[in-house]
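Remarks on the overall topology
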Amino acid sequence: MDIQFLLHTPLFLGAKPEELKSLLAAMEAAERAFPKGEVILQAGEHTSRLYLVLSGGVTVENHDAWGNRTILGHVAPGEVFAETYACLPSQPMMVSAVASQETALLSLNAAALQNDSCPQRDLILTNLLRITSEKNLALSRRIFYTSSKTIRGRLLSYLSDQAVLQGSLSFSIPFDRQQLADYLGVDRSALSNELSKLRREGLLIARKNQFSLLTGSGFS
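Structural notes, computed from the coordinates. Source: prediction; values computed, not measured.

**Brief notes about the nonpolar core**
One finds L11, F12 and L50 to be the most contacted residues of the largest nonpolar core, which totals 25 residues. Those elements that provide at least two residues to this core are helix 1 (3–7), helix 2 (17–26), strand 3 (49–55), strand 8 (103–109) and helix 4 (121–145). With 21 residues, the next largest nonpolar core counts I71, A163, L184 and L198 among its residues.

**Observations concerning helix 2**
Taken as a whole, helix 2 has its buried residues at L20, L23 and L24. With its buried residues spanning 95° around the axis, helix 2 presents them on a single face. Exposed and oriented more than 90 degrees from the buried face of helix 2 are E18, K21 and A25. Phi for E28, located one or two positions after helix 2, is positive at around 55°.

**Re the packing of aromatic side chains**
Scanning the entire structure with this criterion turns up six aromatic pairs. Note on Y51 and F81: the rings are 5.3 Å apart at their centroids and 10° apart in plane angle, and the pair reads as stacked. Of this pair, Y51 sits in strand 3 while F81 sits in strand 6 (residues 80–81), and the two are 30 residues apart along the sequence. For the pair Y51 and F81, a shared accessibility class is recorded, and that class is buried. Aromatic side chains F171 and F211 sit 6.3 Å apart centroid to centroid with 20° between the ring planes, which places their arrangement in the stacked category. Placement of the pair is F171 in strand 9 (residues 170–172) and F211 in strand 11 (residues 210–213), with a sequence separation of 40 residues. As far as burial versus exposure is concerned, F171 and F211 are alike and both buried. The structure contains a cluster of three or more aromatic residues connected by ring pairs, namely Y145, Y158, F175 and Y183. The ring of Y183 is capped by R142, whose NZ or CZ atom sits 5.5 Å from the centre of that ring.

**Side note on the side chain of R142**
With respect to the element layout, R142 can be found in helix 4. Leave out the neighbours within four places in its chain, and R142 touches T70, I71, L72, D182 and Y183.

**Overview of unusual backbone geometry**
At A82, a residue that is not glycine, the phi angle is positive and equals roughly 70°. For A82, the location among the structural elements is in the loop between strand 6 and helix 3 (83–87). Phi angles above zero are rare outside glycine, and K208 is one such case at about 55°. By secondary structure assignment, the location of K208 is in the loop between strand 10 (204–207) and strand 11.

**Some details on the sheet that holds strand 9**
Reading across the sheet, the three strands line up as 9-11-10 and stay open at both edges, with antiparallel pairing between neighbours. Because the sheet does not close on itself, it has two edges, and the strands there are strand 9 and strand 10. Here the average twist between neighbouring strands, direction ignored, is 15°. Pairing geometry for strand 10 and strand 11, over four bridges, is antiparallel. Within the sheet, the bridge partner assigned to L204 lies in strand 11 and is L213.

The rules behind each value
- Per-chain numbering applies: the sequence of each chain, read as written, is numbered from 1 onward.
- Given that this is a predicted model, residues contribute local features only at a pLDDT of at least 70 and side-chain atom pairs are listed and counted only at 80 or more, while totals for whole chains, interfaces and linings are drawn from all residues.
- Note: side-chain values were computed over all heavy atoms of the structure, leaving out hydrogens and water.
- Here, nonpolar core refers to any group of buried Ala, Val, Leu, Ile, Met, Phe, Trp, Tyr and Cys residues whose side-chain atoms link them within 4.5 Å.
- Exposure categories follow from relative accessible area, calculated using a 1.4 Å probe and restricted to protein chains: below 20% of the type maximum is buried, above 50% is exposed, and the middle band is partly exposed.
- Helix and strand definitions follow DSSP, with helices as H or I runs of at least four residues and strands as E runs of at least two, each counted in order from the N terminus.
- The arc in question is the one traced by the directions running from the helix axis out to the C-beta atoms.
- Classification of ring pairs uses Phe, Tyr and Trp, with its six-membered ring standing for Trp, and accepts pairs whose centres are within 6.5 Å; under 30 degrees between planes counts as stacked, over 60 as edge-to-face, and the remaining range as tilted.
- Lysine NZ or arginine CZ positioned within 6 Å of the ring centre and within 35 degrees of the ring normal marks a charge as sitting over the ring.
- Working rule for contacts: check all heavy atoms of both residues, and any pair within 4.5 Å makes them a contact.
- Two strands qualify as a pair provided that DSSP identifies no fewer than 2 bridges between them.
- In this analysis, axes come from line fits to C-alpha atoms, helices being fitted only over the stretch in contact, and the angle between any two N-to-C directions falls in the range 0 to 180 degrees.

Worth remembering: the numbers are spatial, not functional.
Okay, here's the thing in structure tokens:
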């Protein structure tokens, strides 16, 4: 287990190296690997454990009764998921967590944080509050992206915001075409057609998950 990597993650930021091993033991830390496409947590399940991505990536998804998928977010290395459900283990999950590629995870028992003797308990709870607040903002952003009635509006809203968040007109996104379509709530073919139009109009360059916006100097 890479202690230095963990110390720089949002969950353990500010933790003392000499106490981290005790904290991991108290939270019953366990590593596990998942192949691409494997469901890590299924909607309807209960969990008392939160997960930190060590490598790879995880998509947070919702599937309706007809099998239609909506992607609500992506969890990158160093980030956590299922923390809300781990703190409320009686609540069934409303979403599923799926490995978007070959992925290694560290699972942690959230119940340990109820114990006053847990090493650096207050620090971890403070970090979890910050993480939860940031996720609330991310969900608000998605609502903003999908508020447009047109595919172009949704796409440009998302890409413009990514340029702002990443501080560059050239950036990468964590989704492939199908995942981006599911995230924005649109048809993949229609999304691809709109991207082709935007390329022909000279508004952007797109190659796989790499984008460059060719207009909008206000983002620089």
